[in-house]
Amino acid sequence: MGGDIKTITWGGLTTWDKHFNPRQLLTLVKIVRLIREVGKKVEEEKIAEGWSKERAFEYAEAVTTYLSMAMLKYAYYNSVVTRWDSTWWKIGETMSTRGIAMNWNWTESPWFGNFGGVTKTLPAILRGLAYLTSIISSSQKTLADFTDNSIKVLQGDATSLNLGEKFDVIVTDPPYADDVPYTELSDFYYVWLKRALSDVENGKLVPRFHRRAFFKKIGPKWVEIKTQWGGSSRRRRFQQTQAVLWMKKTKRRKLSSTSRTSSARPSWP
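How each quantity is defined
Residues numbered from 1 in each chain as written. Predicted model: local features only at pLDDT ≥ 70, side-chain atom pairs only at ≥ 80, totals over all residues. Heavy atoms only, no water. Helix = DSSP H or I, 4+ residues; strand = E, 2+ residues; numbered from the N terminus. Expected span 1.5 Å × (residues − 1). Buried < 20%, exposed > 50% of the residue type's maximum accessible area, 1.4 Å probe, protein only. Patch = residues over 30% accessible without salt bridge, like charges linked within 9 Å, V, L, I, M, F, W, Y side chains within 5 Å. Areas by Shrake-Rupley, 256 points an atom, 1.4 Å probe, with all protein chains shown as cover. Salt bridge = Lys/Arg side-chain N within 4 Å of Asp/Glu carboxyl O. Core = buried A, V, L, I, M, F, W, Y, C linked by side-chain atoms within 4.5 Å. Contact = heavy atoms within 4.5 Å. Axes fitted to C-alpha atoms, helices over the stretch in contact; angles between N-to-C directions. Left-handed = near helix turned anticlockwise from the far one by under 90°. Nonpolar A, V, L, I, M, F, W, Y, C, P; charged D, E, K, R; others polar.

Asker: Give me the lowdown on helix 4 (residues 182–197), citing residues and values where you can.
Answerer: Between its first and last C-alpha, helix 4 extends 22 Å over 16 residues, near the 22 Å set by a 1.5 Å rise per residue. Buried within helix 4 are the following residues: Glu184, Leu185, Asp187, Phe188, Tyr190, Val191, Trp192, Lys194, Arg195, Ala196 and Leu197.

Asker: An account of a nonpolar patch on the surface is requested, with residue identities and associated values reported.
Answerer: Together, Tyr131, Leu132 and Ile135 make up a nonpolar patch on the protein surface, roughly 330 Å² of accessible area in all. Topologically, Tyr131 is positioned in helix 3 (residues 118–134).

Asker: Give me the environment of Ala75: which residues, what numbers.
Answerer: Its place among the elements puts Ala75 in helix 2 (residues 53–76). For Ala75, a relative accessible area of 1% corresponds to the buried category.

Asker: Which residues make up the nonpolar core, and what are the values?
Answerer: Residues Phe20, Leu28, Met71 and Trp192 are the most contacted members of the largest nonpolar core, which totals 24 residues. Mapped onto this core, the elements with two or more residues apiece are helix 1 (22–48), helix 2 and helix 4. What Leu28 contacts, discounting residues up to four positions off in sequence, is Phe20, Met71, Tyr74, Ala75 and Trp192.

Asker: Which residues make up the packing of helix 2 against helix 4, and what values go with them?
Answerer: For the pair helix 2 and helix 4, interaxial distance at closest approach is 10 Å and the crossing angle is 140°. The two elements helix 2 and helix 4 cross, and the hand of that crossing is right-handed. Residue-level inspection shows Thr64, Thr65, Ser68, Met71, Leu72, Ala75 and Tyr76 of helix 2 in contact with helix 4, the latter providing Phe188, Tyr189, Trp192, Leu193, Ala196 and Leu197. Each residue belonging to the contact of helix 2 with helix 4 can be placed in one class, and the counts come to 10 nonpolar, 3 polar and no charged.

Asker: If you had to explain helix 1 to someone new, which residues and values would you point to?
Answerer: Between its terminal C-alpha atoms helix 1 stretches 39 Å, which fits the 39 Å expected from 27 residues at 1.5 Å a residue. Three or more residues of helix 1 are buried, namely Gln24, Leu25, Leu28, Ile31, Val32, Ile35, Arg36, Gly39, Val42, Glu43 and Lys46. For helix 1, the secondary structure elements touched by its buried residues are helix 2, helix 4, strand 3 (199–201) and strand 4 (204–206). Phi turns positive, to about 105°, at Gly50, one or two residues after helix 1.

Written out as structure tokens, the structure reads:
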């Protein structure tokens, strides 16, 4: 359960599991196990109904993925780095400060609560799913039915969308630059997601759903990807870059402050 998530640790949270108290961990672990069981039962039921193994697996993968999304929302509101938002009288979720910040006290919500609980999260997911299924044609009701020309997703610079064709949706990301370390923070969810969508053999995680997202194939074996952020050398380079940027910003502020002070002084003859 320790995991490798030292990229977002501080103040004694040296392993991933320490971002949760024992009650939160127990609840989330039980949810992970239930999601795995649901995936297996759904797949078995569909095969018994006459579905092909490929289609039954795909359906089970979709069901467990949506259930895992609900679990991640629950984890978002249940960690030791949440806070109480006294302005709106609600739980300040784990990353309400655009990152993981130290809090002396935290808040949490029960699994059937209104904040991050299943009673609110699952209906929201179902509404989104209903919308997605309503906009695809009747001949494309499963992922296996899609062709290469059904949906096209392109990534590029929002300031120069020279695509030469029409498009339906443009999704942009605000220019936060390095203010929000998205890649590192995503590991907060990645570790839980990997456990819910994988299986266990002899006490070790093994691939099941979305295997290439959580495992890397080396020869005949599948090797677990600990975190998305990568190894310590990549993390060290990032931290060094951040330190240099911080020093440059500090230097610019000092120079700017000195300039303002100088200009405010009277000119003596």
